[in-house]
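Chain by chain, the residues:
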Protein chains: 2
Amino acid sequence: MTTPAPRTRIQEKNRTAILEAGLEVFSQYGFRGTTLDQIAEAASLSKPNLLYYFPSKEAIHTELLQGLLETWLDPLHALDNDGDPVTEILDYVHRKLAMSRDFPRESRLFANEILQGAPRILDVLQTDLRQLVDEKAAVIRGWSARGKIAPVDPHHLMFSIWALTQHYADFDVQVRAVLGEKDPFPGAEAYLDQLFRGILTT
Amino acid sequence: MTTPAPRTRIQEKNRTAILEAGLEVFSQYGFRGTTLDQIAEAASLSKPNLLYYFPSKEAIHTELLQGLLETWLDPLHALDNDGDPVTEILDYVHRKLAMSRDFPRESRLFANEILQGAPRILDVLQTDLRQLVDEKAAVIRGWSARGKIAPVDPHHLMFSIWALTQHYADFDVQVRAVLGEKDPFPGAEAYLDQLFRGILTT
DNA sequence: GCTTGATTTGACCAACTGGTCAAAGCAACG
DNA sequence: CGTTGCTTTGACCAGTTGGTCAAATCAAGC
């Protein structure tokens, strides 16, 4: 969309490698904590070569964040007013949890940005995200009103879905420290099902 | 405990100012993203003066993290096997939520550390935290077994309490972007009450 | 094999980083 | 007062940072 498509095959390969490397490092150390040298090494390129493909450290970060936001909000778009309410919401939970399992670095990149006050995406949050959430909140409120699900605050329901699913990616280290070797995800899925079923069906 | 008490009044004042400033900056930018100059300015001290009170940037960070861990685990200690199960758990939720409201920077400092792989506290998580959690998990499992609360996975219950309460501090910016000016906390408290009551009372 | 444009790199730079140090300022006590 | 020990600071340093640039390398069409 925003990104002009890379032309040659080698450009595409290197840009991809840089973004992949950037994701790896930014998601762990945040923007300020990350150095171009780290990214360059992770991408197996020289630092000046990085800057041949991207004008600055900031540009890499921005592009990652932009690509991320689409992916991140996508599952919420799918929440369908005409589907079965409980199924719709639980499906959303499952999709979000799967994203935490399959794309934990993306989740951490996002978490880092928010923790730092979201300097680069605050406007998107205040406009696009807010609008989308309000829209879906209305859907949920409608379900409640029609007695399809228990009365719940739709915004806090949304927050709780985000918090719980992303926790397994963002706090992965802590979860594993407490759980030992055991894979958290099967248990998480069952628990979240139980938890949200509990609040949705009175 | 670990920290030898400062002697003079001026020492105490400056050490406190430095820790306060460090908390402010570390909690926003993480360890690597924070500079001594930032801390010095926030504490209204010169950089060499900082280093008169603390031997290094790392020392400030470590001391903050140590003090934090105690406070952080404290509410969990209070979970009492002999109290009323639902009340005990909901009280824990309320205490944790209050901490997010009253000490958001502490929550973010912790989040930053975990996000970066918990390099400085991984061992504490794997020993002290794990042991404490296992202990309380046994209590909860006991309550379930005796039919006092619904059968739940105690570890994931714990994770969900942490995730939900800390979300309001760590993702504060996002929450406020979505909610507008409205204070999230009264709503959060009511919602969390409803959510956990739902899963605990079948 | 030569030219042309895309790609890569070594050398370099100014600003910033965490940290040092010797000297200066200061308070209080005799 | 003068001395003594705590406190503060300006000047400084070596290493790192994001970023530049001219020159070298490379690939591909002619």
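This section reports on the structure supplied with the text. Source: prediction; values computed, not measured.

Points about the packing of helix H4 (residues 57-77) of chain A against helix H7 (residues 122-145) of chain A
Residue and element names in this part refer to chain A. Following both chains from N to C, one finds H4 and H7 inclined at 15°, their axes separated by 10 Å at the closest point. When the axis of H4 is compared with that of H7, the two are roughly parallel. As H4 packs across H7, the resulting crossing turns out to be left-handed. Of H7, the residues touching H4 (which contributes Leu69, Leu73, Leu76 and His77) are Val124, Leu129, Leu132, Val133 and Lys136. Among the residues making up the contact of H4 with H7, the classes are represented as seven nonpolar, one polar and one charged.

Structural notes on the packing of helix H1 (residues 9-33) of chain A against helix H6 (residues 104-115) of chain A
All names here are of chain A. Across the interface, H1 lies against H6 with an axial gap of 8 Å and an inter-helix angle of 50°. One way to sum up the angle between H1 and H6 is to call them oblique. The handedness of the crossing between H1 and H6 is left-handed. Counting all contacts with H1, which are made through Glu20, Leu23, Glu24, Phe26, Ser27, Gln28, Tyr29 and Gly30, the residues of H6 involved are Arg105, Glu106, Arg108, Leu109 and Asn112. For the contact of H1 with H6, a count of residues per class yields four nonpolar, four polar and five charged.

Topic: the interface of chain A and chain B
On the side of chain B, 55 residues touch chain A, which itself brings 55 residues to the contact. Summing both partners gives a buried area of about 4900 Å² for chain A against chain B, and 68% of it is carried by carbon and sulfur. At the surface where chain A touches chain B, the tally comes to zero salt bridges. Of all the secondary-structure elements, those providing two or more residues to the side of chain A that touches chain B are H1, H6, H7, helix H8 (154-170), helix H9 (172-179) and helix H10 (184-200) of chain A. Among the elements that line the side of chain A that touches chain B, the one with the most residues is H8(A), at 12 residues.

Considering the nonpolar core
Generally speaking, nonpolar side chains in soluble globular proteins are found buried as a group. Formed by 136 residues in total, the largest nonpolar core has its most connected members in Phe196(A) and Phe196(B). At nine residues, the largest contribution of residues to this core is made by helix H4 (residues 57-77) of chain B. Excluding anything up to four places from it in sequence, Phe196(A) contacts Leu90(A), Val93(A), Leu157(A), Ser160(A), Ile161(A), Leu164(A) and Tyr191(B).

A look at the pattern of salt bridges
Residues and elements named next belong to chain A. Per the stated rule, a full pass over the model turns up 18 salt bridges over all chains. As a salt-bridge pair, Arg197 and Asp193 come within 3.1 Å of each other at their nearest N and O atoms. In this pair, Arg197 and Asp193 both sit in helix H10, four residues apart, roughly one turn of the helix. On the accessibility criterion, Arg197 (42% relative accessible area) is partly exposed. Ionic contacts of the salt-bridge type, sharing partners, join the residues Glu20, Glu24 and Arg105 into one network.

Conventions adopted
Residues numbered from 1 in each chain as written. Chains lettered and ligands numbered in written order. Predicted model: local features only at pLDDT ≥ 70, side-chain atom pairs only at ≥ 80, totals over all residues. Heavy atoms only, no water. Axes fitted to C-alpha atoms, helices over the stretch in contact; angles between N-to-C directions. Helix = DSSP H or I, 4+ residues; strand = E, 2+ residues; numbered from the N terminus. Parallel < 35°, antiparallel > 145°, perpendicular 65-115°, else oblique. Left-handed = near helix turned anticlockwise from the far one by under 90°. Contact = heavy atoms within 4.5 Å. Nonpolar A, V, L, I, M, F, W, Y, C, P; charged D, E, K, R; others polar. Buried area = accessible area lost by both parts, 1.4 Å probe. Salt bridge = Lys/Arg side-chain N within 4 Å of Asp/Glu carboxyl O. Core = buried A, V, L, I, M, F, W, Y, C linked by side-chain atoms within 4.5 Å. Buried < 20%, exposed > 50% of the residue type's maximum accessible area, 1.4 Å probe, protein only.

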